Amino acid sequence: MATILTVDDSKSIRQMVTFTLQQAGHDVIEAEDGQDALNKLTGDVKLVLTDLNMPNLNGIELIKAIRANAAYKFLPVIMLTTESQDDIKQQGRAAGATGWIVKPFNPDQLLGVVGKVLK
Amino acid sequence: MLDQQREMFREEAAELLTELEESLLELEEAPDDQELVAKVFRAMHTIKGSGAMFGFDEVAAFTHEVETVYDLVRGGTMQVTQDLINLSLAARDHIRGLLDPAAEEGVDRVAGNALVEQFKALVPQADPPAAQKTREVEENQSGGDGESWTYRIRMKLAENIVFSGTRPDSLIRELSDLGACRIVAQTDMVPLLEDYAPESLYVYWDVVLTTDRGVNAIRDVFIFVEDDVELKIDIIDGGDSGDGDVNYKRIGEILLDRGDITSEELDRILGESKPIGQKLIDSKNVDPGKIEVALYEQEMVRASRAQRQSQEAAATVRVPADRLDRLVDLVGEMVTIQSRMSQTAIGRDDADLISIAEEVERLTDELRDNTLSLRMLPIGTTFSKFKRLVRDLSQELGKEIELVTAGAETELDKTVIEKLNDPLVHLIRNSIDHGIEAPQIRVTAGKKRHGTIRLAAIHSGDSVIIEINDDGAGLNQERIRAKAIEKGIISDQDQLGPQDLYQLIFASGFSTAGKVTGVSGRGVGMDVVRRAIEALRGTINIDSNPGVGTTIRVQIPLTLAIIESLLVGIGKERYVLPLALVEECIELTRNHVHEAHGRNLVRVRDQLIPYLPLRRSFAIGGDQPAIEQVVITCFEGQRVGLVVDRVIGEHQTVIKPLGRIYRDAQGISGATILGDGGVALILDVPQLLAGAEDHEDSNHSS
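As a starting point, this report considers the structure included with it. In this text the structure is predicted, and so the values were computed from the model without any measurement.

Within chain A, the secondary structure is distributed over five helices and five strands. In sequence order, chain A lays out its α and β elements as β-α-β-α-β-α-β-α-β-α. Counting only residues that meet the buried cut, chain A has 45% of its 119 residues in that class. Counting only contacts in chain A whose residues sit at least 6 apart along the sequence, the fraction spanning at least 24 positions is 56%.

Turning our eyes to something else, we now look at the pairing of strand β20 (residues 668-673) of chain B. Residues and elements named next belong to chain B. Sheet topology places β20 next to strand β21 (residues 679-683); five bridges connect them, and they run antiparallel. For glycine 670, the partnering residue across the bridge sits in β21 and is isoleucine 682. Hairpin geometry of β20 and β21 is characterised by an intervening segment of five residues between the two adjacent antiparallel strands and by a positive phi of about 95 degrees at glycine 677.

Once that is clear, we can look at the environment of histidine 64 of chain B. Turning to its location among the elements, histidine 64 of chain B is positioned in helix α3 (residues 57-75). Residues histidine 64 of chain B and lysine 48 of chain B, spaced 16 residues apart in sequence, show a C-alpha to C-alpha distance of 6.2 Å.

Moving on, we come to helix α14 (residues 380-397) of chain B. Residues and elements named next belong to chain B. In a regular helix each residue adds 1.5 Å, so 18 residues correspond to 26 Å; α14 covers 26 Å between its end C-alpha atoms and thus fits that length. Lining the buried residues of α14 we find β6 (401-406), α15 (414-435) and β8 (451-460). Among the residues trailing α14, glycine 398 stands out with phi positive, at a value near 70 degrees.

Turning our eyes to something else, we now look at the interface of chain A and chain B. In this assembly, 26 residues from chain A lie in contact with 23 residues from chain B. Counting only elements with at least two residues in the side of chain A that touches chain B, the list comes to α1 (11-23), β4 (77-82) and β5 (99-103) of chain A. Ranked by residues supplied to the side of chain A that touches chain B, first place goes to α1 of chain A with six residues.

A few words now on the nonpolar core. By size, the foremost hydrophobic cluster in this structure holds 62 residues, and its most contacted members are Val48, Leu49 and Ile78 of chain A together with Val37, Val40, Val59 and Tyr70 of chain B. Not counting residues within four places of it along the chain, the set of residues in contact with tyrosine 70 of chain B comprises Val37, Val40, Phe41 and Met44 of chain B. Leu412, Leu427, Ile453 and Ile480 of chain B belong to the second-largest nonpolar core, a separate cluster that totals 37 residues.

The next thing to look at is the sheet that holds strand β9 (residues 463-470) of chain B. Consider a sheet: its strands pair through backbone hydrogen bonds, and that pairing is either parallel or antiparallel. Residue and element names in this part refer to chain B. Ordered in space as β6-β8-β9-β11-β10, the five strands form an open sheet in which the pairing is mixed. In this open sheet, the two edge strands, each paired with only one partner strand, are β6 and β10 (539-545). This sheet shows a mean twist of 15 degrees between the axes of neighbouring strands, independent of strand direction. Bridge count between β10 and strand β11 (residues 549-557): seven bridges; the pairing is antiparallel. In the sheet register, isoleucine 542 faces β11, and the bridge partner there is isoleucine 552. With respect to the sheet, α15 is in contact with β6, β8, β9 and β11, its orientation differing from that of β9 by roughly 20 degrees.

It is worth spelling out the sheet that holds strand β12 (residues 562-570) of chain B at this point. Residue and element names in this part refer to chain B. Across the sheet, five strands lie side by side as β19-β12-β13-β21-β20; this open sheet has mixed pairing. Of all the strands in the sheet, the pair left with one neighbour each is β19 (646-654) and β20. Across the sheet, the mean angle separating the axes of adjacent strands is 35 degrees when strand polarity is ignored. Across six bridges, the pairing between β12 and strand β13 (residues 573-578) is antiparallel. Bridge pairing links leucine 567 to valine 576 in β13.

A word on the packing of helix α4 (residues 82-99) of chain B against helix α5 (residues 109-122) of chain B. Relative placement of two packed helices is described by the angle separating their axes and the distance separating the axes. Residue and element names in this part refer to chain B. Direction vectors running N to C along α4 and α5 enclose 140 degrees, while the axes themselves pass 10 Å from each other. For the pair α4 and α5, the sense of crossing is left-handed. Across the interface between the two elements, Leu87, Ala90, Ala91 and His94 from α4 touch Ala111, Gly112, Leu115, Gln118 and Phe119 from α5. Residue classes in the contact of α4 with α5 are distributed as six nonpolar, three polar and no charged.

Conventions adopted
Residues numbered from 1 in each chain as written. Chains lettered and ligands numbered in written order. Predicted model: local features only at pLDDT ≥ 70, side-chain atom pairs only at ≥ 80, totals over all residues. Helix = DSSP H or I, 4+ residues; strand = E, 2+ residues; numbered from the N terminus. Buried ≥ 20, exposed ≤ 12 C-beta atoms within 10 Å, placed from the backbone. Contact = placed C-beta atoms within 7 Å. Pairing = 2+ DSSP bridges. Expected span 1.5 Å × (residues − 1). Core = buried A, V, L, I, M, F, W, Y, C linked by C-beta atoms within 7 Å. Axes fitted to C-alpha atoms, helices over the stretch in contact; angles between N-to-C directions. Left-handed = near helix turned anticlockwise from the far one by under 90°. Nonpolar A, V, L, I, M, F, W, Y, C, P; charged D, E, K, R; others polar.

Take a look at the structure:
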């Protein structure tokens, strides 16, 4: 099981993600925006789950910042997007996101995507 | 957990809404502050996204409209105006209302919808959404239906793929999880050392995969790298396609197929006399990796075909039908004993015994279902016989008729299929004889020269519906009416709608009835057909459209041997009636009887339903209880109550035919043995109802 960094400015989503991942045996670090995430990112983190629309540093900027650091250039990053954000999804891909999951999602879908990337 | 999360979301949303209010008021003062616009958008976005996550769909849908507008403001295509602020504040209050568990019912949805409309009006008419990018799906022969297919997959990932955190090895692992898999890494694209960039990917993979998960499962593996992968998926073997094909492709053919060699090169090399693989490698025309995967492909196709064949061989065993019948009989006995055991166990009030009895009951249920399914045959065996019938008879009559069948794979109990044969023959004969017109008449009427009879079977719950449809002239209402009056079935004062009129052809005495046999055919009454169907506990309906055609719908229960039924009691006697016909049970007090002034009618939810006092019908002596039970049955759309002393409960009834002497007993279709060893008669509900109608009629006329 892995250490996962989950980034979302919505407390309830963060909590749901954390709960789901912990149930599946993962360790979870929570961050409430992109800047917070960068501060909390360590070499232990094996996967980042990030919302896109956040204050301070948004998801796209966060992905770019992660990729810019040589230590994290291969680190898988999954975006949490809403369906209306197709263009943003493309931006995220271009910035170096590994995959995405569309809100609303249920715990099984979340674990499916996480499992796929961590395989 | 979900409730907690919902509560959590409510709290969060409340905070966001408070912030939102502040931001909106600030925005009113400083309409050009992009920071504030972004904040408002974000609040709406979070409420929408999280709302949808935790099941607040209404909140999500509503907020979406607001979010759309602020997205435009954020993008600079719209200005913040006083109106927008007012509208947004109203929207904010509406969202708060939607989120308040106490106020949920009282939310003014009309006002909400009006707000949505106003927000929508603010959005400039967008171009119609660009055609949705749909992924190319080769659904027709792509499997995913439990059948194994063998696929040839070539995946070339973008050179810089690792910089998106994607690991090629995990994609390959995911592929190999789908089924039997051989993977060959192709290295012919790897550059010389001086051009080699260590973090670029030069290798590509050839995969031969046998899986029953379908091509979409394969595509799903690549869902995140869709734009960064050159993916080629071909079906090379599977389904039924290869069954008759015993020739395996040769290596040369496979390579040609894959586009790894041209046919000229192949021909030239084939001229030499060494094993083809070796020759190809020697010739340097083909990379060893390509030969390797071609060999795997050959091997996997062979393996998957061999497996399919052995599965098919092991799949069926031929058993004489009478052994199966015997088995069904024995299971019937078993069900009877089991219900007796359950009853005894409950009577003893012994927890251990009860738990054993329950286990036996579960097993018996499974055993019963399995056994009955053994006797199921596809109805298509009968259908194919009709092709001949249609051909011969239409030739004889000089008509051109095509028989189309559907649902031939629909399964029915063997005995039911046998008993269905004659009625179906008769119905089809009718369609050919009376339904479809002669070619000349059809052409004149503007129809196609040849008529079509469509015979279709489909499953519907625990019964099968068989439809016989022709595109002929339809039933002649005038003639039916005239004949019904002539036969005294209706009087010439009776006003009947077309539907009721059509049903008359099933009435006994409508036609000069004979016996349904395969040969006698014409002139045989439809009432005989109806009785044959009813003997199978089925129903028959007719619908017709003058000039367009006629449809006859026969509904038949799946099996005859064992039915779910309701056990009722009158005096010391017990009866069962098929549960499928029972709608509900209600009480009948003396008061009810009194209120109805002696007529046999009971009011159920404002509908008057006639009932039949079975105690009287069966002339059972003794006193009736003060409160009787009415079992409301529904047959062919008609609701009729049957009055009994008490309703005992559901019962699994193993049907035993009555002896020859009782075969003509009215209102009884069989018997069953109960758990305590007693016998209960099975009520023939349709016949009882028909009998009651006759009785009513004669009462009226007298």
